[in-house]
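# Tertiary structure, described
Each chain, written out:
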Amino acid sequence: MAISLSKGQKVDLTKTNPGLTKVVVGLGWDTNKYDGGNDFDLDTSVFLLGENGKVTSENDFVFYNNTTGGNGSVVHTGDNRTGAGDGDDEQINVSLSTVPAQVQRVTFTITIHDAEVRSQNFGQVSNAYVRVLNGDTNEELIRYDLGEDFSIETALVVGELYRHNGEWKFSAIGSGYQGGLGALATDFGLQVG
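Here's what I pulled together on the structure shown here. Per chain, the residues get numbers from 1 upward, laid out in the order the sequence is written. Local features in this predicted model are restricted to residues of pLDDT 70 or higher, and side-chain atom pairs are both shown and tallied only at a pLDDT of 80 or more, whereas totals for entire chains, interfaces and linings draw on every residue. Here the side-chain values reflect all heavy atoms present in the structure, with hydrogen atoms and water set aside.

### Some remarks on the sheet that holds strand E6 (residues 68–69)
Selection rule: Pairing between strands is defined by DSSP: at least two bridges between them are needed. By definition, any uninterrupted DSSP run of H or I lasting at least four residues is a helix, any uninterrupted run of E lasting at least two residues is a strand, and each is numbered from the N terminus.
On the basis of which strands lie adjacent, the open sheet formed by seven strands has the order E1-E11-E10-E3-E8-E7-E6 and mixed pairing. Only two strands of the sheet have a single neighbouring strand rather than two, namely strand E1 (3–5) and E6. Two strands pair when backbone bridges link them, and strand E3 (residues 22–31) and strand E10 (residues 125–134) are joined in this way by eight bridges, in the antiparallel orientation. Following the sheet pairing, Val-25 is matched in E10 by Val-132.

So, in structure tokens, the structure goes:
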């Protein structure tokens, strides 16, 4: 039975699931109908952060054009350009036991591609969620439904895996940002431009 989280909640992952070394982080969403006429293309990106909350290099930014990071411990399985259908729209495989020691947090985000050009925002997105599955059994361990409390934001930090006393935990963050992926990348220490 999966643990359902609310915004701001944190939960033990490896402590409560002994022997867990591989997880799949699934993210999903639906887009509401609106009269803008443009397709929505939402993207999942992952930032591998050090103690200072910043990436140490561009290789610590995992997205559809750089699908592997952390010496192969974090793998993005591919870009879904429509969000159509049931189930996860995009997935990230994480090998917890091989994440480099300097990576303290693995942060998961969703952004809207070309949001400003297309006049799109997360107020037009519904049913966004993140879930963590056991990578060996596909059992859903944790689920966080983000709810509908976004309007003008074009980027979301949905949650993160983080180290605590030698174990991995998961935090449901659910914070919205304006400025899309560029703003997030800058916040997490990447040079954009």
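### As for the pattern of salt bridges
Using the following cut-off: Any carboxyl oxygen of Asp or Glu within 4 Å of a side-chain nitrogen of Lys or Arg constitutes a salt bridge here.
Applying the stated rule across the entire model yields seven salt bridges. Connected through salt bridges with shared partners, the residues Asp-88, Arg-131, Glu-140, Arg-143 and Asp-145 form a single ionic network.

### Concerning the nonpolar core
Here is a general trend for soluble globular proteins: nonpolar side chains tend to be buried in one another's company. Stated formally: Buried Ala, Val, Leu, Ile, Met, Phe, Trp, Tyr and Cys residues that are joined via side-chain atoms within 4.5 Å together make up what is termed a nonpolar core. Burial here depends on accessible area, computed with a 1.4 Å probe over protein chains only, as a share of the maximum for the residue type. Under 20% is buried, over 50% is exposed, and the range in between is partly exposed. Contacts: residue pairs with any heavy atoms within 4.5 Å of one another.
Residues Leu-13, Val-23, Val-25, Leu-27, Val-94, Phe-108 and Leu-161 are the most contacted members of the largest nonpolar core, which totals 40 residues. Put simply, the parts of the chain that give this core at least two residues each are E3, strand E4 (42–49), strand E8 (90–95), strand E9 (105–112), E10, strand E11 (140–145), strand E12 (155–164) and strand E13 (167–177). Apart from the residues within four sequence positions on either side, Val-25 is in contact with Glu-90, Gln-91, Ile-92, Val-94, Phe-108, Val-130, Arg-131, Val-132 and Leu-161. Membership of the second largest hydrophobic core comes to 11 residues, among which are Leu-49, Phe-61, Val-157 and Ala-185.

### A word on the environment of Leu-13
Following the sequence through the fold, Leu-13 ends up in the loop between strand E2 (10–12) and E3. Counting along the chain gives 10 residues from Leu-13 to Val-23, while the straight-line C-alpha distance between them is 9.8 Å. Contacts of Leu-13, omitting those with residues within four sequence positions, involve Leu-20, Val-23, Leu-96, Val-132, Leu-141, Ile-142, Leu-161, Trp-168 and Lys-169.

### Section: the sheet that holds E13
Read from one edge of the open sheet, six strands run E2-E13-E12-E9-E4-E5, paired in antiparallel fashion. A strand with exactly one partner marks an edge of an open sheet, and here the two such strands are E2 and strand E5 (61–62). In this structure, E4 lies alongside E5, joined through two bridges in antiparallel fashion. Of the residues in E5, the one forming a bridge with Phe-47 is Phe-61.

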